[in-house]
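# Observations on chain architecture
Listed here are the chains, written in short residue letters.
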Amino acid sequence: MNRFSEITERKGTRSVKWDLAEELYQDPDVLPMWVADMDFKAPEAVVQALTQRVEHGIFGYTLADEPLKTAIINWLDRRHDWNVKKDWITYSPGVIPSLHMAVQSLTGKNDAIMIQTPVYPPFSSVVNDHNRTLVENPLVLNDGIYSIDFTDFESKIRDYQVKLFILCNPHNPVGRVWNRKELKQINDICLKHGVKVISDEIHADLIYPGHTHIPLAGLSKEASNNTITCLSPTKTFNLAGLQASYLIIENEEVRGLVTDYFNKQGMFMLNTLGITAMEAAYLHGEEWLEQLIETLEINRNYVTKRLHEETETLQVIPAEGTYLLWIDCRKLNLSQPELISFMKKKAKVGLNEGASFGEEGAGFMRMNIAAPKKLIEEGVSRIIQAVNHI
Ligand SMILES: Cc1ncc(COP(=O)(O)O)c(C=O)c1O
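These lines cover the structure that appears in this document, whether it is placed above or below. All values reported here derive from a predicted model rather than from experimental measurement. (Residues numbered from 1 in each chain as written. Predicted model: local features only at pLDDT ≥ 70, side-chain atom pairs only at ≥ 80, totals over all residues. Heavy atoms only, no water.)

## Some points on the site of the ligand
Short version of the rule: Residues are labelled near a given molecule or strand when at least one of their non-hydrogen atoms is within 4 Å of it. Residues adjacent in sequence count toward polar contacts only when both atoms are side-chain atoms; beyond that, a polar contact is any pair of N or O atoms within 3.5 Å, and within protein one must be able to donate a hydrogen and the other to accept it. Every accessible area reported is derived by Shrake-Rupley at a probe size of 1.4 Å, with residue values counting cover from the shown protein chains alone. Each residue is assigned to one class: nonpolar for Ala, Val, Leu, Ile, Met, Phe, Trp, Tyr, Cys and Pro, charged for Asp, Glu, Lys and Arg, and polar for all the others, Gly among them.
Around the ligand, the neighbouring residues are Ala 36, Gly 94, Val 95, Ile 96, Tyr 120, Cys 168, Asn 172, Asp 200, Ile 202, His 203 and Lys 235. At 2.7 Å from an oxygen atom of the ligand is found a main-chain nitrogen or oxygen belonging to Val 95. One of the backbone nitrogen or oxygen atoms of Ile 96 is found 3.0 Å away from an oxygen atom of the ligand. Burial of the ligand by the protein chains amounts to 88% of its free accessible area of 400 Å². Broken down by class, the residue content of the shell around the ligand amounts to six nonpolar, three polar and two charged.

## Some details on helix α7 (residues 180-192)
For an α-helix, the turn length of 3.6 residues means that residues three or four places apart are oriented alike. Applied cut-off: The secondary structure listing takes helices from DSSP runs of H or I that are at least 4 residues long and strands from runs of E that are at least 2 residues long, numbered from the N terminus. Helix span is expected to be 1.5 Å times the residue number reduced by one. Note on classification: 1.4 Å probe, protein chains only; a residue is buried when its accessible area is under 20% of the maximum for its type, exposed when over 50%, partly exposed between these limits. To be clear, the arc concerns the directions from the helix axis to the C-beta atoms. In what follows, a contact means two residues having at least one pair of non-hydrogen atoms within 4.5 Å.
A rise of 1.5 Å per residue sets the reference length of α7, with its 13 residues, at 18 Å; its end C-alpha atoms lie 18 Å apart and thus fit the reference within 8%. Among all positions of α7, only Glu 182, Leu 183, Ile 186, Asn 187, Ile 189 and Cys 190 are buried. For α7, the buried positions fall inside an angular range of 165° around the axis, keeping them on one side. When the buried face of α7 is taken as reference, the exposed residues oriented beyond 90 degrees from it are Lys 181 and Lys 192. Buried residues along α7 sit against α6 (150-160), β7 (162-168), β8 (196-200) and α8 (221-226). The backbone nitrogen of Lys 181 lies 3.2 Å from a side-chain oxygen of the residue at the head of α7, namely Asn 179. In the segment just after α7, Gly 194 is the residue with positive phi, at about 65°.

## Here we look at unusual backbone geometry
With an omega of -5°, the peptide bond between Asn 169 and Pro 170 qualifies as cis. By the element assignment, Pro 170 lies in the loop between β7 and α7. With an omega of 20°, the peptide bond between Asn 172 and Pro 173 qualifies as cis. With respect to the element layout, Pro 173 can be found in the loop between β7 and α7. For Thr 322, which is not glycine, the phi dihedral falls at a positive 75°.

## Digging into the sheet that holds β7
Spelled out, the test is: When DSSP finds at least two bridges between two strands, those strands are taken to pair. For helices, the fitted axis covers only the stretch in contact; all axes are lines through C-alpha atoms, and the angles between them, taken along N-to-C directions, range from 0 to 180 degrees.
Taken in spatial order, the seven strands make up an open sheet running β2-β10-β9-β8-β7-β3-β4, and their pairing is mixed. With partners counted over all chains shown, the strands left at the sheet margins are β2 (89-92) and β4 (133-136), one partner each. On average, adjacent strands in this sheet sit at an angle of 25° to one another, irrespective of strand direction. Running over the sheet, helix α3 (residues 66-80) touches β2, β9 (227-231) and β10 (245-249) and is turned about 105° from β2.

## What about the side chain of Lys 69?
Rules: Positive: Lys, Arg. Negative: Asp, Glu. His and the chain ends are not part of the count. A side-chain nitrogen of Lys or Arg and a carboxyl oxygen of Asp or Glu constitute a salt bridge if their distance falls within 4 Å.
Mapped onto the secondary structure, Lys 69 falls in helix α3. Glu 66 provides the closest opposite charge to the buried, unpaired Lys 69, separated from it by 5.5 Å. Those residues within four positions of Lys 69 in sequence are excluded, and the remaining contacts are Lys 86, Ile 89 and Tyr 91.

## So, the pattern of salt bridges
The tally for this structure, following the rule as stated, stands at 25 salt bridges. Here Glu 378 ties to Arg 382 by a salt bridge, and the two come within 2.7 Å at their closest N and O atoms. In this pair, Glu 378 and Arg 382 are both assigned in helix α14 (residues 373-387), four residues apart and thus about one turn of the helix distant. By relative accessible area, which is 22% here, Arg 382 ends up partly exposed. Here the salt bridges share partners, and the residues they tie into one network are Arg 10, Lys 17, Asp 37 and Asp 39.

## A short note on the pairing of β7
Keep this limit in mind: Here the term right-handed applies to a crossover when the path leading from its first strand over the helix to its second strand runs clockwise, the strands being oriented away from the viewer.
Across the seven residues of β7, six count as buried, placing the element largely inside the fold. Where strand β3 (residues 112-115) meets β7, three bridges bridge the pair, whose relative direction is parallel. Its bridge partner being in β7, Ala 112 is matched across the sheet by Val 162. Once you follow β7 into α7 and on to β8, the crossover reads as right-handed.

## Overview of the packing of α3 against helix α12 (residues 286-310)
The relative placement of two packed helices comes down to the angle between their axes together with the axis-to-axis distance. Stated precisely, the cut-off is as follows: Any angle between 65 and 115 degrees counts as roughly perpendicular, while under 35 counts as roughly parallel, over 145 as roughly antiparallel, and the rest as oblique. Whether a crossing is left-handed or right-handed is set by the direction in which the near helix is turned from the far one by less than a right angle, anticlockwise for left-handed and clockwise for right-handed.
Where α3 meets α12, the closest approach of the two axes is 13 Å, and the angle between their N-to-C directions is 40°. Considering the angle they form, α3 stands oblique to α12. At the point where α3 passes α12, the crossing takes the right-handed sense. Between α3 and α12, the contacting residues are Trp 75, Arg 78 and Arg 79 on the first element and Glu 286, Leu 289, Glu 290 and Ile 293 on the second. Among the residues making up the contact of α3 with α12, the classes are represented as three nonpolar, no polar and four charged.

Keep in mind that these numbers describe shape and distance, not what the molecule does.
Listed below in structure tokens is the structure:
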């Protein structure tokens, strides 16, 4: 038994994944494999640091001070070979708030903003919520591998006079970790047409062997000057409920615009426990993370093998990063409502429906594999059983 095989009861802890699932899937027996958090305890060092802080008993306004910045800088340098300066860091309660702030501060009403569908649903809602024009550059699926249609990317930038591009790297839900050539091409085209880039790299630390996360802003001085990077330890170390994230913005003018926007919403502080957890995770979480990645790789390979060998219809898109598997269910020949109902009622697993990531996601489902093997085995067996009795 290691720390990633232990099953911890999460029902009754106000867990979105477990407690909301009952309401959402209208069945207490549905196994939740949806929203992106993990059924693993955070690193022991994080729990210890939080316990110590809680025992202190006073939770007044708390400084996000120099040692926290140093911990972030060293993490990015060590894990991603990316050299960041202290002044470039600003904090945010989450990547979603950062997306909202960046969109509002860097674009005006009706300005065109591009995203690559299928993609994490808030990317489109953040554009629509602020009455910007949504431009989609759908990813292309060929032989089970997603890639970018750069001709469409550049022509839409030109035709719609796109002002801002929101990149998801690694990509949720298709699991691509964009390589240097792809990132360079994205950067070159965006620079050529004066398009700023928000690079959401929240999954940056969750990379499978054989792949390397490259921060877009780390490509060159020009890339760094044109990129707003959103990062957080919350996906990496399972701390989403603590709401602590940060942005890296080298460009002083852009940083000024974004931070001014945060300040004007009264959002200029992190919470005490978020600060404590972030620092402890970056200082002491590395060994835990290595073991997590090994566990996720085993889960990814297990789900893929079983679904491929024991069904004739389901195809798992090979994930290069993230703990989210994108499963092609189109050969089941079910309409979108039928597919959702099938997974919920017949298989009794709570997955994310593909169409919520954009219309290209119809016929797909997203599965969260960040759970102890026993739960993953149960979920996969339920799906196989249901598919083979359709
Ligand atoms: C790509 C991506 N960005 C942002 C988030 C959410 O970030 P936060 O919880 O910091 O708002 C998620 C969560 O799943 C995500 O997958």
